[in-house]
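Commentary on secondary and tertiary structure
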Amino acid sequence: MKKLNRNQVKNASTYILVTAAFLILQVLSTQGKLNSTTKGFLVPACAYIVLAVSLNLLVGICGELSLGHAGFMGIGAFTGIVVTSLLAEAVPNGVLRLVMGMIAGGVLAGVVGFLIGIPVLRLRGDYLAIVTLAFGEIMKNVFGNLYLGVDETGLHATLKTEGLTLAEGGKMIISGPRGATGITKLSTFAIGFVLILFTLFVVQNLINSREGRAIKAVRDNRIAAESVGINVTAFRMKAFVVSAFLAGMAGALYAMNYGSITASKFNFNTSINILVFVVLGGMGNILGSIISATVLYILPEAMRGLQDYRMILYAVVLILVMLFTWSPKMKDIISVVTDKVRGVFRKNEKEAAFHE
Amino acid sequence: MKKVLALTMALALVAASFAGCGKSASTATTAAAETTAAAGETAAEGVGTVKIGMSGPLTGRASAYGLAVRAGMEVAVEEINAKGGLQIEFKAEDDEADGEKAVSAYNALKDWGMQVMAGQVTTGSALAVAPESVADNMFNLTPSASAEALALTGDNIFQMCFTDPNQGASAAELVSTKYAGAKVGVIYDSSDDYSTGLYNGFKTKAAELGVEVVATTSFTADSKADLSTQVTQCQNAGADLVFLPIYYTEASQILTYASRISYAPKFFGCDGMDGILTVEGFDTSLAEGLVLMTPFDANASDEATQSFVTKFKAKMDGLVPNQFAADGYDVIYAIYDALTAANITGDESASEICDALKAQFATMSVDGLTGSGMHWDENGMISKAPAAVVVENGVYVPMA
Amino acid sequence: MKIIQYLINGISIGSVYAIIALGYTMVYGIAKMLNFAHGDIIMVGAYISFCVTNYLGLPVVVSILAAMAVCTALGMLIEALAYKPLRGTPSLAVLITAIGVSYFLQNAAQLIWSSSPKNYTSVVTFQPLRLAGGQLVITGEVIVTIIASIVIMVGLTWFTGKTRTGKAMRAVSEDREAAELMGISVNKTISTTFAIGSALAAIAGVLLCSTVPTLQPTTGSMPGIRAFTAAVLGGIGSIPGAMLGGILLGVIETFSKAYLSPQFSDAIVFGVLIVILLVKPAGLLGKQVQEKV
């Protein structure tokens, strides 16, 4: 019973922290105290947080290594762009249109996740990893060759390099390697924040449900879990689809923040970056994912002053952080230090009690 | 052609020096020259500073192009600042050829106080930043982002390079006139907007002119480790001219492999091919007879080019500049010409400067390293004469 | 005839993938980690070899030996500094560190050698073989790469099967704790594995750049991922599997470019990979490990 309480406290504190951060930034922003750089970070940071949390569901909670998360993000991004441009006249309200685009993107990503999940989830570990990598690369390859446009006769799409010839007044939405251009920027920080809350709600409910506890049991010992009658594949599938759905929504949010999006953005490197957020933040640790996604997203930008040495230092920081947080030796040292600190703290408490 | 260019350059130089404005390389002609000179004098009294920023890939896969542009721009900035008058403060930010990073770079430059943007190097980055710069009314002259859609995004965006479909069409015209009856093979990069744009421009014009295309094949950024299959395909189709609308990095692979299997068609490239002769360790005899469309020749004997090449080499550890670098250099001078002609002192806001520069770019004409009499149409696309060269004995020779 | 020429092209790039995959698979089999920096060690090897021949003017053999020496040292250094402290932690932590190392090597290479491409002069000097009246051309690079990949595969099989160190490697691979109890130094064995894997990477770098002459700081990353794919296709951890996977991947890639669609060759290659893994979940020659209850 006590454990459950601790969980609830943890969940609540995550919501409170995220909300506080949002309110502070929003107030600063409306007062014009934020510079362009910080303002530019807000929406993509929200998208990356959602991506990290959704991937954490898969990697941290289920223990399945996925290297193709950017593929789902890409599906959501391009679906979102298409849906919002098609609805440009029917739904004049930008927020509503964006939400519809995000839902469409999420649903399509979820459906693709389901279809891929049927065969793929039979695999485990590194084999699952390579198949998700392969899936991401296939998605990138397909989007990079997709030409999609709309004119009065309807929606047209082709995968041929010649592209499309649209009727007079037609508009290209996606043009192969150039990607989608002329996107109407609809994403706002507030919507990004709402998406984070939604993601937290979905993911934390899933983790703390009976099924979620089962998923964790599966991660820790699949065979034992199976032997007490937990349907492993069904739970893995659920996590996979939810994760893909959320990544799709984040992709749509991300895409609608830029004037143009190319398929090459949704490549292996982006998948790896999201994975780095998750691992650094702690596997299964939702708040950790949020913090590490924010910090690691801003870090290379904050190091712009270092000019050409920026990326090499980012690499060094990454390695060092991994060593410090994971190395057993370092963990020993850290635990010794924290014990001492705790000891001092307790001593103070005792002394305080004594003085009373 | 080169002589004419050198001559006009020299004349312009003389005229400029008489007017008391010691510009060494890029000179606004005739009417513009007088206003420039006048502006130079007024600016010299109350010396102002304008902050110019650019972003390009300075790390990662495409960094060779970004670093070349940056160094070319720095040479121009140093020249301008050395002669007094209006000063330029220049800053380059890394965008890794990625749209998201390019927007971050743009924001970082805005926080730095950028008043004029000297473009993004790659098309994808430029397209991502375009709506931002339109919203801010920030003047943006790109050295090398060549998509047609870019200049159409807003009236503040100008290009120093040809648009892809135009260049592709010029290439098709050259092929049909100079190599009538050739059987053409094409190898392009289907994952690259630049290459696909050139290819589509070429194909449309080639069909119009009745050029016979016998093989069309492509590669992607991920599969370019092996290009031997594509060369074999062209050989099997009996192509005696292979059109390569790609960058020199991949082209050098194709030339090497073709020579290994003794396949020797005429190779024909576009401006991305410029730089192939200076790839370290590349056997230039493999490029003998290669035709490419480049606005810039590092071996040109005119003083402006030579002075640029010397300064660039000193900066880049002996690297010979290619057209990316030269475009960067011309971008800074074109902006500088327009700034001085509009009597900008640097105290104006970015938006005010943008309006002034737009007015200048609508009428002015610039001579630079990549062309003479360059001017811009109402969309911001450049108009300059396409030039083709042939590689003979390891150097470019203008195509007759 | 055409089809045979494409087959040769495919085997050519495939055997390059195979050599890289052999290094991947060996490190994976013994250290149980995906060394994502392997592709970048290949790039370093190629640069060292390039510098020794082009700047110092030394013969090709010396340049290859120098590349092997530098890469061996580099591989062991990386292992000691970045991977060893994480021994016993979840494999994901090591994976992320390997990615950090990969970023580091690429950016260090850019600072040292600049990002301008260099054209690697092939180490193979003899003339191509012409068959069927000149219709078929087999370049010297193809012959050397195929021979080298076979020699390496046979050598590795012999080494892990017959030598003392090799047997120790297999023991560590099978059961690390048991091996330790048998008096095998796990740290030393893994360090040796990295040394051998990195020396192989140097050879792979030389052969990759002899086949594909462009040398840039990012040269190793794409072939690295392809080779990783090849290793999984063949059954990761299996030495003949890496060879088979590499060749197969190269041939599939070439045929899909030549006959299906050059634009979609990436998708086709990865699609075939997915299908094969669904039919044979542990790769073509991989062992299906029975889970103990």
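Criteria and cut-off values
- Residues numbered from 1 in each chain as written.
- Chains lettered and ligands numbered in written order.
- Predicted model: local features only at pLDDT ≥ 70, side-chain atom pairs only at ≥ 80, totals over all residues.
- Helix = DSSP H or I, 4+ residues; strand = E, 2+ residues; numbered from the N terminus.
- Rg over C-alpha atoms; globule rule 2.2 N^0.38 Å.
- Buried ≥ 20, exposed ≤ 12 C-beta atoms within 10 Å, placed from the backbone.
- Contact = placed C-beta atoms within 7 Å.
- Pairing = 2+ DSSP bridges.
- Axes fitted to C-alpha atoms, helices over the stretch in contact; angles between N-to-C directions.
- Parallel < 35°, antiparallel > 145°, perpendicular 65-115°, else oblique.
- Left-handed = near helix turned anticlockwise from the far one by under 90°.
- Nonpolar A, V, L, I, M, F, W, Y, C, P; charged D, E, K, R; others polar.
- Core = buried A, V, L, I, M, F, W, Y, C linked by C-beta atoms within 7 Å.
- Expected span 1.5 Å × (residues − 1).
- Right-handed = clockwise from strand over helix to strand, strands pointing away.
- pLDDT = per-residue confidence, 0-100.

Let us now look at the overall build of chain A. Secondary structure summary: chain A contains 13 helices and 5 strands in total. Relative to the globule expectation of 21 Å for 356 residues, the C-alpha radius of gyration of chain A, 22 Å, shows essentially globular dimensions. Expressed as lengths along the three principal axes of its C-alpha atoms, the size of chain A is roughly 85 × 55 × 40 Å. For chain A, the residues scored as buried account for 48% of the 356 residues in total. Long-range contacts, defined here as pairs at least 24 residues apart, represent 75% of the contacts in chain A between residues at least 6 apart.

In this assembly, 34 residues from chain A lie in contact with 36 residues from chain C. Those elements that provide at least two residues to the side of chain A that touches chain C are α5 (125-143), α10 (268-281), α12 (310-326) and α13 (328-355) of chain A. Ranked by residues supplied to the side of chain A that touches chain C, first place goes to α12 of chain A with 10 residues.

Residues and elements named next belong to chain A. The strand order β2-β1-β3 describes an open sheet built from 3 strands, whose pairing is antiparallel. A single partner strand is all that each edge strand has here, and the edge strands are β2 (154-158) and β3 (171-175). Going from strand to strand, the sheet's axes swing by 15° on average, the running direction of each strand aside. Looking at chain direction, strand β1 (residues 147-151) and β2 are connected through 5 bridges and run antiparallel.

Our next topic: the packing of helix α1 (residues 2-31) of chain C against helix α5 (residues 140-162) of chain C. Angle between the axes and distance between the axes: these two values describe a pair of packed helices. Residue and element names in this part refer to chain C. Two elements in contact, α1 and α5, have axes separated by 9 Å at closest approach and are oriented at 30°. By the angle between their axes, α1 is roughly parallel relative to α5. α1 and α5 meet at a crossing whose hand is left-handed. Across the interface between the two elements, I8, I11, S12, S15, V16, A18, I19, L22 and M26 of α1 pack against V142, T145, I146, A148, S149, I152, M153 and L156 of α5. Classifying every residue of the contact of α1 with α5 gives 13 nonpolar, 4 polar and no charged.

Another aspect to go through is the sheet that holds strand β9 (residues 241-244) of chain B. Residue and element names in this part refer to chain B. Ordered by their spatial adjacency, 7 strands build an open sheet running β8-β7-β9-β10-β11-β15-β16, and the pairing between neighbours is mixed. Looking at strand neighbours, the two that pair on one side only are β8 (212-219) and β16 (395-398), the edges of this open sheet. Between one strand axis and the next, the sheet turns by 25° as a mean value, whatever way the strands run. Bridge count between β9 and strand β10 (residues 266-269): 4 bridges; the pairing is parallel. Bridged to L241 within β10 is K266.

Further remarks concern the nonpolar core. Judged by nonpolar contacts, the single largest core of 286 residues is most densely connected at C46, V50, A250 and L253 of chain A, I335 of chain B together with L22 of chain C. In terms of residue count, the dominant contributor to this core is helix α2 (residues 36-61) of chain A (17 residues). Residues contacting L22 of chain C, with those up to four places away along its chain left out, are I152, M153, L156, L200, I239, A242 and M243 of chain C. Ranked by size, the runner-up nonpolar core spans 54 residues in total, among them Y194, L198, L277 and A387 of chain B.

All names here are of chain B. Pairing of strand β15 (residues 388-392) with β16 involves 4 bridges; the strand directions are antiparallel. Following the sheet pairing, V391 is matched in β16 by Y396. Joining the antiparallel neighbours β15 and β16 is a turn of 2 residues, in which N393 adopts a positive phi near 50°.

Contacts between chain C and chain B engage 34 residues on the former and 31 residues on the latter. Of all the secondary structure elements, the ones that give two or more residues to the side of chain C that touches chain B are α1, α2 (38-54), α4 (91-113), β1 (118-119), α9 (221-234), α10 (239-260) and α11 (265-279) of chain C. Of all the elements, α1 of chain C adds the most residues to the side of chain C that touches chain B, at 6 residues. When the residues that make up the side of chain C that touches chain B are grouped by side-chain class, the tally is 13 nonpolar, 16 polar and 5 charged.

It is worth spelling out the packing of helix α3 (residues 69-86) of chain A against helix α9 (residues 232-255) of chain A at this point. Residue and element names in this part refer to chain A. The geometry of α3 relative to α9 is characterised by a closest axis approach of 6 Å and an angle of 55° between their N-to-C directions. Comparing their axes, α9 and α3 come out oblique. The interaxial crossing formed by α3 with α9 has right-handed handedness. Along the contact surface, α3 presents H69, F72, M73, G74, I75, G76, A77, T79, G80 and I81, while α9 presents A244, A247, G248, M249, A250, G251, A252, Y254 and A255.

This next bit is on the environment of P177 of chain A. Within the fold, P177 of chain A resides in the loop between β3 and β4 (180-181). Exposure remark for P177 of chain A: the 26 C-beta atoms within 10 Å place this residue in the buried category. The sequence separation of P177 of chain A and Y147 of chain A amounts to 30 residues, and the corresponding C-alpha distance is 9.0 Å. Sequence-distant contacts of P177 of chain A, that is, excluding residues within four places in its chain, are made with G144 and T262 of chain A together with S190, S191, D192, D193 and T196 of chain B.

This next bit is on α10 of chain A. Counted at 1.5 Å a residue, the expected span for α10 of chain A with its 14 residues is 20 Å, and the 20 Å between its end C-alpha atoms agrees. Looking at α10 of chain A, one finds that the buried residues are T270, S271, I272, I274, L275, V276, F277, V278, V279, L280 and G281 of chain A. Elements in contact with the buried residues of α10 of chain A: α2, α3, α5, α11 (286-302) and α12 of chain A together with α4 of chain C.

With that settled, the discussion passes to helix α12 (residues 323-341) of chain B. All names here are of chain B. For α12, with 19 residues, the first-to-last C-alpha span of 26 Å sits near the 27 Å given by 1.5 Å per residue. Burial analysis of α12 places 19 of its 19 residues in the buried class, the great majority of the element. Where α12 ends, the next residue or the one after it, N343, has phi of about 55°, a positive value.

This paragraph deals with the pairing of strand β2 (residues 49-56) of chain B. Residues and elements named next belong to chain B. Within β2, 6 of the 8 residues are buried, which leaves it mostly tucked inside the rest of the structure. Relative to strand β3 (residues 87-94), β2 is paired through 8 bridges, and the arrangement is parallel. Each bridged residue has a counterpart across the sheet, and for S55 the counterpart in β3 is E93. Chirality of the crossover, the property in question, places the unit of β2, helix α3 (residues 63-82) and β3 among those that are right-handed. Inspection of the sheet shows β2 paired to strand β4 (residues 116-120) by 3 bridges, in the parallel sense.

The next thing to look at is the confidence of the model for chain C. Parts of the model with low pLDDT should not have their predicted coordinates read in detail. Summing up the model confidence of chain C, the mean pLDDT is 89 and the portion of residues at 70 or higher is 98%. Scored as a whole, the predicted complex attains pTM 0.87, and scored at its interfaces, ipTM 0.88.

Here we take up the confidence of the model for chain A. Confidence in the prediction for chain A averages 85 pLDDT; 94% of positions are at 70 or higher. Mean pLDDT in chain A bottoms out at α13 of chain A, which sits at 68, and peaks at α3 of chain A, which reaches 94.

Let us now look at the environment of M249 of chain A. Residues and elements named next belong to chain A. Take M249: it is sitting in helix α9. Judged by local crowding, M249 falls into the buried class, with 31 C-beta atoms found within 10 Å. Separated by 147 residues in the primary sequence, M249 and M102 have C-alpha atoms spaced 4.7 Å apart. Every residue in contact with M249, bar those within four places of it in the chain, is listed here: V50, G76, M102, G105, G106 and L195.

Let us now look at unusual backbone geometry. A positive phi is found at E96 of chain B, a non-glycine position, where the angle reads about 55°. Its place among the elements puts E96 of chain B in the loop between β3 and α4 (99-112). Of note in this structure, S114 of chain C is not a glycine but carries a positive phi near 65°. Assessed through the 18 C-beta atoms surrounding it within 10 Å, S114 of chain C is described here as partly exposed.

Right, let's get into the environment of L339 of chain B. Residues and elements named next belong to chain B. As for its placement among the helices and strands, L339 is situated in helix α12. According to the C-beta neighbour criterion, L339 is buried, with 29 such atoms within 10 Å. Those residues in contact with L339 that sit more than four places away from it in its chain are V50, L86 and I344.

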